[in-house]
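Residues per chain are reported as follows:
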Amino acid sequence: RSLWPPTPRPRARTRAMIGSQFVGSGAGSVLAFASYLGTSSALDHVLEPQQANCAGLITAASVNFWMQRQVFAPGAAFGVIFRRYCVAEAAIVLSQHGLFLSLMPFKRRCAEWWGVEEESPSVLAFLRTASQAFVFVLLSFPLRRYWVFRGFPASTAGVAGSATVGRSGPAT
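Calculation criteria
- Residues numbered from 1 in each chain as written.
- Predicted model: local features only at pLDDT ≥ 70, side-chain atom pairs only at ≥ 80, totals over all residues.
- Heavy atoms only, no water.
- Salt bridge = Lys/Arg side-chain N within 4 Å of Asp/Glu carboxyl O.
- Helix = DSSP H or I, 4+ residues; strand = E, 2+ residues; numbered from the N terminus.
- Buried < 20%, exposed > 50% of the residue type's maximum accessible area, 1.4 Å probe, protein only.
- Arc of directions from axis to C-beta.
- Contact = heavy atoms within 4.5 Å.

Asker: Before we move on, can you summarise the pattern of salt bridges with the specific residues and values?
Answerer: Counting across every chain of the model gives four salt bridges. Across the pair R128 and D44 runs a salt bridge, and its minimum N-O distance is 3.0 Å. Of this pair, R128 sits in helix α5 (residues 121-148) while D44 sits in the loop between α1 (10-43) and α2 (49-72), and the two are 84 residues apart along the sequence. A relative accessible area of 0% means that R128 is categorised as buried.

Asker: Describe helix α4 (residues 107-114), naming the residues involved and giving the relevant values.
Answerer: All of the buried residues in α4 are K107, C110 and A111. Along the long axis of α4, the arc covered by the buried residues comes to 100 degrees, so they all point the same way. Summarising the geometry of α4, the exposed residues directed more than 90 degrees from the buried face are R108, R109, E112 and W113. Taken from the residues just after α4, G115 is the one with a positive phi, measuring 75 degrees.

Asker: Just give me the short version of the environment of Q50, but keep the residues and values in it.
Answerer: For Q50, the position within the fold is in helix α2. By relative accessible area, which is 33% here, Q50 ends up partly exposed. Spatially, the C-alpha atom of Q50 lies 9.1 Å from that of S40, the residues being 10 residues apart in sequence. If sequence neighbours within four positions are ignored, Q50 has contacts with H97, L101 and M104.

Now the structure itself:
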């Protein structure tokens with residue numbers, strides 16, 4: 001018998017990799033979300049909320065491309081991933097913006113529930129957060145994991161019993 005811990009079975013390793021990617025993708029999305037919320041909130045003072053929301057989504061998409069590439073395919077060629085990412089991000093951004101617009105009629109109800117004015121920045125921030133979270137779980141992560149970065153070596157950093165794949169340099 002070996003004194004070393006047993007190497008996880010392939011199925012367990014796959015689950016661990018998907019879990020690791022979900023966490024990494026989520027962290028990248030949180031950073032992108034911060035850029036989205038910051039941009040949108042800053043522009044709410046000079047633009048209509050719908051226009052500010054679009055500007056924030058474009059900013060977040062730019063930040064998110066770099067972050068997601070680091071999670072799913074850090075060594076992959078830029079061009080192929082960028083084309084797929086643009087198509088996927090168009091669907092994601094349209095979904096997020098559409099959901100945000102569909103939540104706008106609930107602005108008054110949220111404000112009343114929290115006891116704040118309808119134009120309070122926290123109400124718009126809540127609606128933006130709700131639309132982002134919903135779309136991340138149901139569309140963003142699955143689309144990036146199974147289509148945008150499909151076929152590229154995945155980073156498995158931090159997964160027990162595996163080496164980091166897709167980065168230049170020695171395996172860890």
